[in-house]
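Close look at the chain arrangement
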Amino acid sequence: MCLYYNYEYFIEMATDIQKPMKEKNEGGDITYLDMVDEKDSLGESQIQTFFAGTTVLLTGGTGFLGKLIVEKLLRCCPELKKLYLLARPKKNKDIAKRLQEQFDDVLYEKLRKERPDFIKKISIVEGDVGQLNLGMNEQDRIKVINEVEIIFHGAATVRFDEPLKTAVEINVRGTREMCQLARACGKLKALVHISTAYSNCTIQKIDEKFYESSLPGDKLIDLVETMNEKVINNITPGLLGDSPNTYAYTKAAGEDIVQKYSKGLPVALFRPSIVIGTAKDPIAGWIDNVYGPTGVVAGAAVGLLHVLNCNPKAIADLVPGDYVVNACIATAWKTAKEYPGNHEDAPPQDLPPPVYNYVSSEQKPLTWEKFMKYNEEYGIEVPTMQAVYYYLFHLTPSRFIYMLYCFFLHWIPAYIIDGIAILIGKKPMLRKAYQKISKFSEVISYFATREWKFSNENTQSLYNELCVADKHIFDFDMSNLDWSTYFYNYIRGVRVYLLKDPVETVPAAIRKYHKLKYVHYISCIILSLAVLRLLWVFVCGVW
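Below, the structure is looked at part by part. (Residues numbered from 1 in each chain as written. Predicted model: local features only at pLDDT ≥ 70, side-chain atom pairs only at ≥ 80, totals over all residues. Heavy atoms only, no water.)

Topic: the overall build of the protein
What counts is decided by this rule: Numbering of helices and strands starts at the N terminus; helices are DSSP runs of H or I of at least 4 residues and strands are runs of E of at least 2. Put simply, the radius of gyration uses C-alpha atoms, and a globule should come to 2.2 Å times the residue count raised to 0.38. Burial classes: relative accessible area under 20% of the type maximum marks a residue as buried, over 50% as exposed, and values in between as partly exposed (1.4 Å probe, protein chains only). Every residue pair with non-hydrogen atoms within 4.5 Å of one another is taken to be in contact. Method for areas: the Shrake-Rupley scheme with a 1.4 Å probe, in which residue coverage is limited to the protein chains shown.
A count of helical and extended segments in the protein gives 20 helices and 13 strands. Since a compact globule built from 543 residues should have a radius of gyration of about 24 Å, the 25 Å found for the protein is in line with a globular shape. By the burial criterion, 51% of the 543 residues in the protein qualify as buried. Here the analysis covers contacts within the protein between residues at least 6 apart in sequence; of these, 85% occur between residues at least 24 apart. Accessible surface, the protein as shown: approximately 25900 Å² in total, 56% of it carbon and sulfur.

See the structure below:
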């Protein structure tokens, strides 16, 4: 499935997928900004001025949001002095090679053109958030303490089924280690801890404030450090309580750590909801993972996922990745503006850090039903060559109907096709694939069958405080987002960047789609006739 694309080809595709269906620049579309120098017309950017000459430390720089933060800071804050990336070494691949591969991505093409020497501003710090002292050596630690002014702590394990011990070491203890490092940084101006809007998902109404953790973060750390891992796994369900998974549970405990260890520090807690592909910057529709709803879209597009246990009328709180990054960067600016230091300029000891819920449900609500309709509408226009079956997808809030659909649309075909594969000497794969899909669907269904009410007054106030230039460069106003245009680009982004299916293959994919459609209906007719035949035999036998 993975193909090689050169930069020029990627840019050509990126340009194609960003064009709305009826994009035509006519007289009525031209504004005064098209006739004057954009920089002069917008005025000076306060955020760019703030980041000029500063040194930044970023954790999680190889993740989806981390990559976007790196790109945005280096491209839109050209006077940034240094960007330290805390990166974990991997077997058989050194950090430098991993990062080189990362910067070869089409995501950074605009950065490469506008700031060709950007790589000089990046410095790698070898470490591991899951280890004590963040896995840093003493020399690197001293360098960070002496130089770093802004910290974005985004590293976390996002696996919902992560063993509790590992999740605590990364999401809870790693947060404590970061807070302790921040306290030692003499030039610290802001630490932004990136959490999730669903860290307190056991509560239906979530405000921009800290909530009490079911088990204090320090106690949770002591527990996993002193107990046998097998014992921890056995007691995990009891510890989680109403929390759906170890991810949400440990993110809540991580927030408890932030509240406790941030006293007197310029710290902010940033909570984005479900993050999906970019809306426009640096390219529309960019995505590099199948987490959450994107996994649903990709699975349905290739004809493997046919049903999801979901309330179609519930709000799908989705936010574009580039908007999230812009809001996160603005949060750092605001934090430093309020309390520009950790000594005489530090916030009062009894003042908790500000919390920013970054959500779409308040300004631009979208239901799961509408989410899938947009994806169906635009997905049918550009089907993928990776499809193995005709697109057939249902959302149902009923657990019984969901299981029924799974039985007929997932498991029966899986056993039939795997059986045929065994008979012809091939390796059976479909049953194993559906086991993974079933596990994935169970995780998603918790969030797709429920609805939360979020407040985001702090986030709205933050946006309103931006100057004209920053509202343009670091836009994160959800009220101006057009979901139809967004999903037009998003579905093409999933096809090109995730499924590695170039736009050139669309005509062939459409032909394949129609063939699969005929196969589907012929199969349905044959199956229906077989069922009718069995019923006829049964009725005749009874009579």
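Section: the packing of aromatic side chains
Note the threshold: Note on ring pairs: Phe, Tyr and Trp rings are taken, using the six-membered ring of Trp, and paired if centres are within 6.5 Å. Classes follow the plane angle, with under 30 degrees stacked, over 60 edge-to-face and the rest tilted. Only when the NZ atom of a Lys or the CZ atom of an Arg is both within 6 Å of the ring centre and within 35 degrees of the ring normal do we say a charge sits over the ring.
In the structure shown here, the tally under the stated rule is 28 aromatic pairs. Measuring from ring centre to ring centre gives 5.4 Å for Phe103 and Phe118, while their planes differ by 65°; the resulting arrangement is edge-to-face. In this pair, Phe103 sits in helix H5 (residues 95-103) while Phe118 sits in the loop between helix H6 (109-114) and strand S3 (122-126), placing the two residues 15 residues apart along the sequence. Between Trp483 and Phe487, the aromatic rings sit 5.5 Å apart at their centres with planes inclined by 25°, giving stacked as the arrangement. Here Trp483 pairs with Phe487, and both are found in helix H19 (residues 483-498), just four residues apart, close to one helical turn. Note on Trp483: relative accessible area 6%, which makes it buried. Ring pairs connect the aromatic residues Phe160, Tyr198, Tyr247, Tyr446, Phe447, Trp452 and Phe454, which therefore count as one cluster. The residue whose ring lies beneath Lys72 is Phe474, and the NZ or CZ to ring-centre distance is 5.3 Å.

What about the sheet that holds strand S2 (residues 82-87)?
Counted only if it meets this: Pairing between strands is defined by DSSP: at least two bridges between the two strands are required. Where helices are involved, their axes are fitted lines through C-alpha atoms of the stretch in contact, as for all axes, and angles between N-to-C directions lie from 0 to 180°.
Spatial strand order, S3-S2-S1-S4-S5-S7-S11: seven strands in an open sheet with parallel pairing. Only two strands of the sheet have a single partner each, and these edge strands are S3 and strand S11 (355-358). Pairwise comparison of adjacent strand axes, ignoring direction, gives a mean angle of 20° for this sheet. Of the pairings in the sheet, the one linking S2 to S3 comprises five bridges and is parallel in character.

Observations concerning the pattern of salt bridges
When charged atoms on two side chains of opposite charge get close, those side chains can pair. Basically, it comes down to this: A pairing counts as a salt bridge when a side-chain nitrogen of Lys or Arg comes within 4 Å of a carboxyl oxygen of Asp or Glu.
Counting across every chain of the model gives 25 salt bridges. Of the charged contacts in the structure, one is a salt bridge between Arg159 and Asp161, with a shortest N-O distance of 3.3 Å. A salt bridge links Glu338 to Lys334, with the shortest nitrogen-to-oxygen separation between them at 2.9 Å. Placement of the pair is Glu338 and Lys334 together in helix H13 (residues 321-338), with a separation of four residues, close to one helical turn. By relative accessible area, Glu338 is classed as partly exposed at 42%. The buried category is assigned to Lys334, whose relative accessible area is 14%. In this structure, a network of salt bridges that share partners links the residues Glu71, Lys72, Arg75 and Asp281.

A word on the nonpolar core
For the record, the criterion: To qualify as a nonpolar core, a set must consist of buried Ala, Val, Leu, Ile, Met, Phe, Trp, Tyr and Cys residues joined through side-chain atoms within 4.5 Å.
Among the nonpolar cores identified, the biggest contains 114 residues, and Phe51, Leu73, Phe152, Leu318 and Phe487 are the most heavily contacted of them. With near-sequence residues (within four places) excluded, Leu318 lies in contact with Ser273, Ile274, Ile276, Pro293, Ser360, Leu366, Trp368, Phe371, Met478, Trp483 and Phe487. Ranked by size, the runner-up nonpolar core spans 26 residues in total, among them Val129, Ile145, Ala182 and Val355.

Structural notes on the side chain of Thr331
The following threshold applies: Counted as a polar contact is a pair of N or O atoms within 3.5 Å, where, for protein atoms, one must be capable of donating a hydrogen and the other of accepting one, and residues adjacent in sequence contribute only when both atoms are in side chains.
Inspection of the secondary structure puts Thr331 in helix H13. From its side chain, Thr331 meets the backbone oxygen of Ala327 in a polar contact 2.8 Å long. Once you skip the residues sitting within four places of it in the chain, Thr331 turns out to touch Val192, Ala268, Phe270, Tyr356 and Leu462.

Concerning the environment of Glu126
One can find Glu126 in strand S3. A residue is classified by how much of its surface remains accessible, and Glu126, at 43% relative accessible area, is partly exposed.

Structural notes on the pairing of strand S1 (residues 55-59)
The side chains of a regular strand alternate, residue by residue, between the two faces of the sheet. Applicable threshold: A clockwise path from the first strand over the helix to the second, with the strands pointing away from the viewer, defines a right-handed crossover.
Most of S1 sits inside the fold, with five of its five residues counted as buried. Along S1, one buried face is formed by Thr55, Leu57 and Thr59 and the opposite face, lined by Val56 and Leu58, is buried too. Of the strand pairs in this sheet, S1 and S2 are connected by five bridges, and their pairing is parallel. Looking at S2, one finds that Val56 is bridged to Leu83. Handedness of the crossover joining S1 and S2 through helix H4 (residues 64-76): right-handed.

Points about helix H10 (residues 229-240)
Operational definition: For a helix, the expected span equals 1.5 Å multiplied by the residue count minus one.
In this model H10 runs 16 Å from its N-terminal to its C-terminal C-alpha over 12 residues, within 8% of the 16 Å that 1.5 Å per residue would give. Tucked into the core, H10 has its buried residues touching helix H8 (164-184), helix H9 (217-226) and helix H11 (246-261). Residue Asn228 occupies the N-cap position of H10, its side-chain oxygen lying 2.7 Å from the main-chain nitrogen of Lys230. Downstream of H10 by a residue or two, Gly241 has a phi angle that is positive, lying close to 60°.

Some points on a nonpolar patch on the surface
Put simply, the rule reads: In this analysis, a patch consists of residues with relative accessible area above 30% that form no salt bridge, clustered at 9 Å for like charges and at 5 Å for the nonpolar side chains Val, Leu, Ile, Met, Phe, Trp and Tyr.
On the surface, Ile525, Leu527, Leu529, Val531, Leu532 and Leu535 cluster together into a nonpolar patch covering about 600 Å² of accessible area. With respect to the helices and strands, Val531 occurs in helix H20 (residues 506-542). For Val531, a relative accessible area of 41% gives the class partly exposed.

Considerations on the packing of helix H14 (residues 368-379) against H19
So the rule is basically this: Each angle gets one of four labels, with under 35 degrees taken as roughly parallel, over 145 as roughly antiparallel, 65 to 115 as roughly perpendicular, and the rest as oblique. We call a crossing left-handed when the near helix sits turned anticlockwise from the far one by less than a right angle, and right-handed when that turn is clockwise. The nonpolar class holds Ala, Val, Leu, Ile, Met, Phe, Trp, Tyr, Cys and Pro. Asp, Glu, Lys and Arg form the charged class, and all remaining residues, Gly among them, are polar.
Direction vectors running N to C along H14 and H19 enclose 55°, while the axes themselves pass 9 Å from each other. Considering their axes alone, H14 and H19 lie oblique with respect to each other. Of the two elements, H14 crosses H19, and the hand of that crossing is right-handed. The residues of H19 that touch H14, namely those facing Phe371, Tyr374, Asn375, Tyr378 and Gly379, are Trp483, Ser484, Phe487, Tyr488, Tyr490, Ile491 and Arg492. Residue composition of the contact of H14 with H19, by class: eight nonpolar, three polar and one charged.

Brief notes about the side chain of Ser243
Topologically, Ser243 is positioned in the loop between H10 and H11. Within polar-contact distance, the side chain of Ser243 engages the backbone nitrogen of Tyr249 at 3.4 Å. Residue contacts for Ser243: discarding those within four places in its chain leaves Thr202, Ala248 and Tyr249.

It is worth stressing that arrangement in space is one thing and function is another; only the former is reported here.
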